[in-house]
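# Summary of structural features
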Amino acid sequence: MSSKHQLLTFVSLLETNRPYLVSCVRIPALQSLLLFSRSLDTSGDCCRLVADGWLELQLADSESAVQLLAASLRLRARWESALDRQLAHQARWRLEDKDEEEEAPVNRREVAALSRELLQFTASKVSYSLRRLTGLEIQNLYVGPQTITAAPSLPGLFGCSTPSPHPTKGGYAVTDFLTYSCLTSDVDLYGDCLRTFWTCPRCDLHMPLTPLERIAHESTCPEAPQDGPPGAEEAAPEPLQKASALQRPYHCEACQKDFLFTPTEVLRHRRQHV
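Residues numbered from 1 in each chain as written. Predicted model: local features only at pLDDT ≥ 70, side-chain atom pairs only at ≥ 80, totals over all residues. Heavy atoms only, no water.

Broken down by element type, the protein carries 6 helices and 15 strands. Here the protein, with 274 residues, has 32% of them falling under the buried criterion. If you sum the accessible surface of the protein, you get close to 18,200 Å²; carbon and sulfur atoms cover 54% of it. (Helix = DSSP H or I, 4+ residues; strand = E, 2+ residues; numbered from the N terminus. Buried < 20%, exposed > 50% of the residue type's maximum accessible area, 1.4 Å probe, protein only. Areas by Shrake-Rupley, 256 points an atom, 1.4 Å probe, with all protein chains shown as cover.)

Here you go:
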């Protein structure tokens, strides 16, 4: 169990007599798989995740696992929405052959807020294990179609999505890439019935809940703070996070903000104010 597992990403593939990966970068494994996997399968408590059918992640804490999963769903939806709007705008602009460029459909504040949340998400520290599944484990990975098809009553856990039974894997298809509670597991069958008393810090609700029910309540709590207008988060001060040995504190006189930047990032940031 560690929070430092990494994967390797690359910009392009150069093929000569041998294939070469160009511009390789190490990235955090758990957060990257949650953001980029084409398929994500979970166990009932979300402590066990399988990405793309062959990489298994085991998390020790169910509550942390659900929070990360819910955060990744929100980020992926916002990222895809912004990208779709931008691509549709560019396609329209090219077809109409306009000389003057219209206002971009995605404003800078929205992009800055999304970028900041993505960085905070990838910098989160969670202990987990990572391994490759064997061929036999892949063959016996899913519980299969279930006779009981009632979706779990966990409003707000996965955003606005309404889970539907998956026809082949079992469990519930939440999005086109996420299938909840479809993995075979040796966990106690009565685990979902075991609840502990918990008090909501917002509405003072006190009742026995499972970790999944607790997260669902926090997402739909009537006393939860309402989301402000897009880009409102930009006014909040950004916490300084040590991400690289080359980064140094930098105070920008133009925007009156503090950052942790490498020398290259300082030059890039100054260019934005020119």
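There is more to say, and it comes next.
The next subject is the sheet that holds strand β5 (residues 40-42). Within a sheet, adjacent strands bond to each other through the backbone by hydrogen bonds, running parallel or antiparallel. Taken together, the 7 strands give an open sheet; going across it, the order is β8-β7-β6-β5-β11-β10-β9, and neighbouring strands pair in mixed fashion. Looking at which strands have only one partner, the edges of the open sheet turn out to be β8 (128-132) and β9 (164-165). Bridge count between strand β6 (residues 48-51) and strand β7 (residues 55-59): 4 bridges; the pairing is antiparallel. Bridging from a neighbouring strand, alanine 51 pairs with leucine 55 of β7. (Pairing = 2+ DSSP bridges.)

Strand direction decides the pairing type here: strand β12 (residues 196-199) and strand β13 (residues 206-209), joined by 4 bridges, are antiparallel. Each residue of the ladder has a partner; that of threonine 199, found in β13, is histidine 206.

To continue, consider the pairing of strand β14 (residues 248-252). The two faces of a sheet get side chains in turn, since along a regular strand they alternate between them. Relative to strand β15 (residues 257-261), β14 runs antiparallel, the two sharing 5 bridges. Each bridged residue has a counterpart across the sheet, and for tyrosine 250 the counterpart in β15 is phenylalanine 259.

Opposite charge on two side chains lets them pair, provided their charged atoms get close. Scanning the model with the defined rule gives 6 salt bridges in all. For glutamate 117, the salt bridge is made with arginine 78, and the minimal N-O distance between the two is 2.6 Å. In this pair, glutamate 117 is assigned in helix α3 (residues 108-122) and arginine 78 in helix α2 (residues 62-96), connecting sequence segments 39 residues apart. When its relative accessible area of 24% is taken as the criterion, glutamate 117 is described as partly exposed. A salt bridge links arginine 131 to glutamate 137, with the shortest nitrogen-to-oxygen separation between them at 2.8 Å. Three or more residues are tied together by salt bridges with common partners; here these are Arg48, Glu56, Arg131 and Glu137. (Salt bridge = Lys/Arg side-chain N within 4 Å of Asp/Glu carboxyl O.)

Our next topic: the UniProt feature "domain: DHX34-like C2H2-type zinc finger" (unreviewed entry) in the protein. When the UniProt feature table is mapped onto this chain, "domain: DHX34-like C2H2-type zinc finger" (unreviewed entry) is found at residues 249-273. The distance from the first to the last C-alpha atom of residues 249-273 is 18 Å, and the span holds 40% helix and 36% strand. (UniProt positions renumbered as here; feature names shortened; annotations may be inferred.)

The next point concerns the nonpolar core. Ranked by internal contacts, the top residues of the largest apolar core, which has 29 residues, are Leu30, Leu34 and Leu59. No other element matches α2, which puts 7 residues into this core. Beyond its immediate sequence surroundings of up to four residues, leucine 30 is in contact with Leu49, Leu57, Leu59, Leu68, Val126 and Tyr128. (Core = buried A, V, L, I, M, F, W, Y, C linked by side-chain atoms within 4.5 Å. Contact = heavy atoms within 4.5 Å.)

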